[in-house]
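Spelled out from the first residue to the last, the chains are:
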Amino acid sequence: MAALNRTTLRRLQNLPQIPSVWEGDRRPLSNADSHMMLDDDDVLEAGGECILWVDGSEGVVRAMDMVGPDAGPEALVRALLRAMEHPQSPAPAVRPQKIVVKNREIQFYLRGVLQDLGISIDYVPELPLIDEIFRGMEEVAINRPPELPPQYAEVLMEKAAQIWQDAPWRTLSEHQIISIEINQWDVASLYVSVLGQGRMDYGVLLYRSLESLKRFRERVVNNDESFEDLEQAFLGQDCLFVTFESATDIDEDDEEDIDLADLPPSEIEPNFGNLHPLEGLRSILYEEEALTMLVALEAFHRFFRNGRRKLGSDTFPTLSSRYRIPVPQPDGEIQQVSVKVSTMPDVSDELLQMLGDDDDDDEDDDDEFDKPLLRDDLVPQNSFLSLGAVPWETVDFLRQSVQFHQGAEVDINTAGDGLPVVMIQTSHPKAKTMIQDLKEAGGVKGIGFNPGENPFQDEQFDLGILQTKNGELYLFGEFNEDDPVHQEARKKWDRRCKLTNGWCGLIIAKGLMGASRGQPQFKDMIALLEVRWVSAKELGIGPLQLMPMF
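Position labels on residues start from 1 in each chain and follow its written sequence. Given that the model is predicted, a residue must reach a pLDDT of at least 70 before its local features are reported, and side-chain atom pairs must reach 80 or more before they are shown or counted; all residues, however, enter totals for whole chains, interfaces and linings. Only hydrogens and water are set aside; all other atoms, that is, all heavy atoms of the structure, feed into the side-chain values.

(A) Molecular detail of the sheet that holds strand 1 (residues 17-28). One bridge is not enough; two strands pair if DSSP finds at least two bridges between them. Where helices and strands are cited, they refer to DSSP runs of H or I of at least four residues and of E of at least two residues respectively, numbered from the N terminus. With mixed pairing, the 5 strands of this open sheet are ordered in space as 3-2-1-4-5. Both edges of this open sheet fall to strand 3 (60-67) and strand 5 (120-123), since each of them pairs with a single strand only. Going across the sheet, the axis of each strand differs from the next one's by a mean of 20 degrees, ignoring polarity. Each of strand 2 (49-55), strand 4 (95-101) and strand 5 touches helix 4 (residues 104-113); the most contacted strand, strand 5, lies at about 170 degrees to it. Every angle, taken between N-to-C directions, lies between 0 and 180 degrees, and every axis is a line fitted to C-alpha atoms, over only the stretch in contact when it is a helix. Only heavy atoms enter the contact rule, under which two residues are in contact if any of them lie within 4.5 Å.

(B) Broad picture of the packing of helix 6 (residues 150-166) against helix 10 (residues 287-311). At a minimum axis separation of 10 Å, helix 6 and helix 10 run at an interaxial angle of 25 degrees. By the angle between their axes, helix 6 is roughly parallel relative to helix 10. Seen along the crossing, helix 6 lies across helix 10 with a hand that is left-handed. Between helix 6, through Gln-151, Tyr-152, Val-155, Leu-156, Lys-159, Ala-160, Gln-162, Ile-163 and Asp-166, and helix 10, the contact on the second element is made entirely by Glu-287, Ala-290, Leu-291, Met-293, Leu-294, Leu-297, Glu-298, Phe-300, His-301, Phe-304 and Arg-308. Amino acids outside the nonpolar list (Ala, Val, Leu, Ile, Met, Phe, Trp, Tyr, Cys, Pro) and the charged list (Asp, Glu, Lys, Arg) are all regarded as polar, and Gly is one of them. Tallied by class, residues from the contact of helix 6 with helix 10 come to 12 nonpolar, 3 polar and 5 charged. An angle counts as roughly parallel when it lies under 35 degrees, as roughly antiparallel when it exceeds 145, as roughly perpendicular when it falls between 65 and 115, and as oblique in every other case. Should the near helix be turned anticlockwise from the far one by less than a right angle, the crossing is termed left-handed; should it be turned clockwise, right-handed.

(C) Quick peek at the sheet that holds strand 12 (residues 320-328). Pairing within the open sheet is antiparallel, and its 8 strands lie in the order 11-10-9-8-7-6-13-12. Each edge of the open sheet carries a strand with a single partner, namely strand 11 (280-282) and strand 12. Between one strand axis and the next, the sheet turns through 25 degrees on average, direction left out of account. Against the sheet, helix 6 touches strand 8 (202-207), strand 9 (239-246), strand 10 (268-276) and strand 12, its axis set at about 105 degrees to strand 10.

(D) Quick peek at the pairing of strand 13 (residues 334-343). As judged from the 4 bridges shared by strand 6 (residues 178-184) and strand 13, these two strands associate in the antiparallel manner. If you follow Ser-179 over to strand 13, its bridge partner there is Ser-342. Relative to strand 13, strand 12 runs antiparallel, the two being bridged by 9 bridges. Within strand 13, the residue paired with Pro-328 across the bridge is Ile-334. The turn linking strand 12 back onto strand 13 is made up of 5 residues, and Gly-332 within it adopts a positive phi angle of 95 degrees.

(E) Summary view of the pattern of salt bridges. One speaks of a salt bridge when a side-chain nitrogen belonging to Lys or Arg is within 4 Å of a carboxyl oxygen belonging to Asp or Glu. Under the counting rule described, the total for this entry stands at 23 salt bridges. Measuring nitrogen to oxygen at the nearest pair gives 3.2 Å for the salt bridge that ties Lys-98 to Asp-122. You can see Lys-98 sitting in strand 4 and its partner Asp-122 sitting in strand 5, a full 24 residues away along the chain. Taking the relative accessible area as the measure of exposure, Lys-98 reaches 30% and is therefore partly exposed. The partner of Arg-490 in a salt bridge is Asp-462, and the shortest N-O contact between them spans 2.5 Å. Burial status follows relative accessibility: with a 1.4 Å probe on protein chains alone, a residue under 20% of its type maximum counts as buried, one over 50% as exposed, and anything between as partly exposed.

(F) Summary view of the nonpolar core. Among buried residues, those of type Ala, Val, Leu, Ile, Met, Phe, Trp, Tyr and Cys that are joined through side-chain atoms within 4.5 Å constitute a nonpolar core. Judged by nonpolar contacts, the single largest core of 49 residues is most densely connected at Phe-244, Phe-272, Phe-300 and Val-339. Ignoring any residue separated from it by four or fewer positions in sequence, one finds Val-339 in contact with Glu-181, Ile-182, Val-295, Ala-299, Ser-321, Arg-322, Tyr-323 and Ile-325. Membership of the second largest hydrophobic core comes to 28 residues, among which are Leu-9, Ala-63, Ala-75 and Leu-81.

(G) Molecular detail of the environment of Thr-414. With respect to the helices and strands, Thr-414 occurs in the loop between strand 15 (404-406) and strand 16 (419-425). A relative accessible area of 51% places Thr-414 in the exposed class. Taking the C-alpha atoms as reference points, Thr-414 and Pro-391, separated by 23 residues in sequence, lie 9.4 Å from one another.

(H) Just the packing of aromatic side chains, in detail. Two rings belonging to Phe, Tyr or Trp (six-membered ring only in the last case) form a pair when the distance between their centres is within 6.5 Å. Interplanar angles under 30 degrees mark stacking, angles over 60 mark edge-to-face geometry, and anything in between is tilted. Counting across every chain of the model gives 11 aromatic pairs. Considering the side-chain rings of Trp-164 and Tyr-202, the 5.7 Å spacing of their centres and the 80 degrees angle between planes classify their relative orientation as edge-to-face. With Trp-164 in helix 6 and Tyr-202 in strand 8, the pair connects residues that are 38 residues apart, well separated along the chain. Here Trp-164 and Tyr-202 have matching classes, each one buried. Site record: aromatic cluster; members linked through ring pairs are Trp-164, Trp-169, Tyr-202 and Phe-244. Lysine NZ or arginine CZ positioned within 6 Å of the ring centre and within 35 degrees of the ring normal marks a charge as sitting over the ring. It is Arg-104 that lies over the ring of Tyr-123; its NZ or CZ is 3.8 Å from the centre.

(I) Structural detail: helix 1 (residues 6-13). Taken together, the buried positions of helix 1 are Thr-8, Leu-9 and Leu-12. Each buried residue of helix 1 lies within a common arc of 100 degrees when the element is viewed along its axis, so the set occupies one face. Away from its buried face, by an angle of more than 90 degrees, helix 1 presents the exposed residues Arg-6 and Thr-7. For helix 1, the secondary structure elements touched by its buried residues are helix 3 (74-85) and strand 4. Put simply, Asn-5 is the residue that caps the front of helix 1, since its side-chain oxygen is 3.1 Å from the backbone nitrogen of Thr-7. The directions from the helix axis to the C-beta atoms form the arc being described. Here a polar contact is taken to be a pair of N or O atoms separated by no more than 3.5 Å, where protein atoms must pair a possible hydrogen donor with a possible acceptor and residues adjacent in sequence count only if both atoms sit in side chains.

(J) Region of the structure containing helix 3. Taking 1.5 Å as the rise per residue, helix 3 with 12 residues should run 16 Å; its terminal C-alpha atoms sit 17 Å apart, in good agreement. Burial analysis of helix 3 places 9 of its 12 residues in the buried class, which makes it a mostly covered element. Every buried residue of helix 3 is accounted for by Ala-75, Leu-76, Val-77, Ala-79, Leu-80, Leu-81, Ala-83, Met-84 and Glu-85. Looking at the buried positions of helix 3, the neighbouring elements they touch are helix 1, strand 1, strand 2, strand 3, strand 4 and helix 4. Here a helix's expected span is defined as the number of its residues, less one, multiplied by 1.5 Å.

Next comes the structure, spelled out in structure tokens:
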């Protein structure tokens, strides 16, 4: 049996002892009880147990804890010490005069551990206060409404699956708003904003008013907002929503490396909910909300399916359609609800202008400083970099298989052992972001190396530089000139580039946190850009020197 150390004993002995009787017990809880008692991040799987320490004299809970069923009696003592020194109710730190439990083994265990604290440990057949607390929790759990009304749960899940298959975030940006005129269940119109082009959060927001939508967007683009202000802005939205997440737990180490869009539909789980300034976030839909969501998702699905090509054009078009959506009734009948779905180009332009104004402010601030000659915001931090060559047959395969390919302007001379390449391996979401940034820059014009130095430590560097077609220069790597491995790699690089008449490649790969880290497989390579090799003279920026930051 573990014993309290002397320091802890002296600290507890110094607490004032009051003539009160405390009840203590641990009991199994259903999963519903666990969700009721704890925040989502702390919910244990079914089979968890709840430890309670209650001051029977005052009728207050001093400590509550959830533990696994395999936790030993030490967990009960830990909760008791917290009940004495740091009670969760507004009560002073004290020692009780007496403790009662309804388990003989717990009684004997506590007697051994607490023998020097002057606390009487007694057995009783019933614990009336704790019994009442657990009965109350069970009643609340039984009466807790389901997340979706049972009669609409299956059809709502089907509608959500349709939206996931549609993947509207591949076509629509968040600012491109679509209205759905319903005129049912005290809802006139909903305004749809699609999440997902940032490849982080996927979902559909259904705002009940344009004012709420605009107010939230305006606060989000305001860089002066603190985290607390943004949280209040989030909770101040007035909308229904469905978002998507993985149906299975993802390790934190792999989270950044996994894009939900790459998972099979069977591993995607929709979550429905409601946001309102006076209610906050609620993960339960009541009947009228479920019906509204059902009609809106079906109408949006039909509208998007019919107009996908037009919606994907360079300008957000003016489109409008009417649909009759069948809604099942409790008596088995089907009600036809007439809705009108329309794009809102003027509102979308207004929201886009908010972003533009914010960007203009940033540009004005940047004018106060000289723009950096060499940018370092393209290649994600902690990426794996390497210089090497890819066999010509592999180059032919990648040209056909990668998600993004920038071909050479001429036929490359296939001399030597392969195409000299810079390989950049990062997580899948960051690789996609990098590719999108390069697309927006017009692609890559050339790859080169430029001398650099750190005069404070007398170090010389070989700076790897990407030149994009819009004229920007991006740092992709810093290589120590004294490193023999890099020296050999640079010699091979220069020799291979001469054999190809000055052509080389950039490969962007995913899988940084997986088993293929440092050795990406074909399936991990998602972009191949065939570009010119650029000499330091052609870059024209001269030797670069590290400057101190004040």
